[in-house]
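Breakdown of the fold
The lines below spell out each chain.
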Amino acid sequence: MSLSHFSAAEVQAVGASLQNPENLGNREDVEFQWAIKASNHAETYFNLITSVDPSALRLTNRDDEIYNQFRTEFKDFKVDVIDVEELKSAEAKIKWREFCESFKDMDNYNYGSLLRIDCKKDYTESNSIFALRIQFLAIEIARNREGYNADLRKTKGIVNDSKDS
């Protein structure tokens, strides 16, 4: 996923217009700008988890709280390959809404983020869904802590085999 086809001026314009979302309304160009921002966030996050040990990552200063509440409220939620219905069905939306609103004091908790469906794969059109930032955080923190993102570094050729040293 690359934003290289956008000029620096276009990226700066997106950033400037996103600084005050209350003034934007529901405009198609704004939705596009949010999509670019979510795409940039996804690319940065994927580069991070393929470069360092994901189990050591802290995505926020509230990772422990997010993880514990997520695993309390969503005990059986499979984070390796997400069943989209567990995020998007009417019943799931009610449960997720309660979870998300408990973090409304966090900055950007309800911003849009791209979330990988299968954690062993990169962000692609068929492997990405739109989720709220707090959903992204809960699922990715769980993936990191439970070891599901660990093999990404190896598959991307980042980790050297210590036996060769």
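Here's a quick rundown of the structure. These numbers come from a predicted model, not from an experiment.

Attention now goes to unusual backbone geometry. The backbone phi angle of Asn 108 is positive, close to 65°, even though this residue is not glycine. Mapped onto the elements, Asn 108 comes out in the loop between helix H5 (90-101) and strand S1 (112-116).

As a further point, take H5. For an α-helix, 3.6 residues make a turn, and residues three or four places apart therefore share a direction. Here H5 is 12 residues long and its end C-alpha atoms lie 17 Å apart, about the 16 Å a rise of 1.5 Å per residue gives. Looking at the packing, one finds that the buried side of H5 touches helix H3 (63-73), helix H4 (85-88), strand S2 (128-132) and helix H6 (133-145).

Turning our eyes to something else, we now look at the packing of H5 against H6. H6 packs onto H5 with a crossing angle of 90° between their chain directions and a minimal axis gap of 10 Å. It follows from the interaxial angle that H5 and H6 lie roughly perpendicular. Here Trp 96, Phe 99 and Cys 100 of H5 lie close against H6, whose contacting residues are Ile 134, Gln 135, Ala 138 and Ile 139.

When you tally the buried positions in S1, you get 5 out of 5 residues, the bulk of the element. Here S1 shows two buried faces, one formed by Gly 112, Leu 114 and Arg 116 and the other by Ser 113 and Leu 115. Both S1 and S2 contribute to a ladder of 5 bridges, which runs antiparallel. From the neighbouring strand, Leu 115 faces S2, where its bridge partner is Ile 129.

The rules behind each value
- Residues numbered from 1 in each chain as written.
- Predicted model: local features only at pLDDT ≥ 70, side-chain atom pairs only at ≥ 80, totals over all residues.
- Heavy atoms only, no water.
- Helix = DSSP H or I, 4+ residues; strand = E, 2+ residues; numbered from the N terminus.
- Expected span 1.5 Å × (residues − 1).
- Contact = heavy atoms within 4.5 Å.
- Axes fitted to C-alpha atoms, helices over the stretch in contact; angles between N-to-C directions.
- Parallel < 35°, antiparallel > 145°, perpendicular 65-115°, else oblique.
- Buried < 20%, exposed > 50% of the residue type's maximum accessible area, 1.4 Å probe, protein only.
- Pairing = 2+ DSSP bridges.

None of the figures reported here should be taken as evidence of function without further support.
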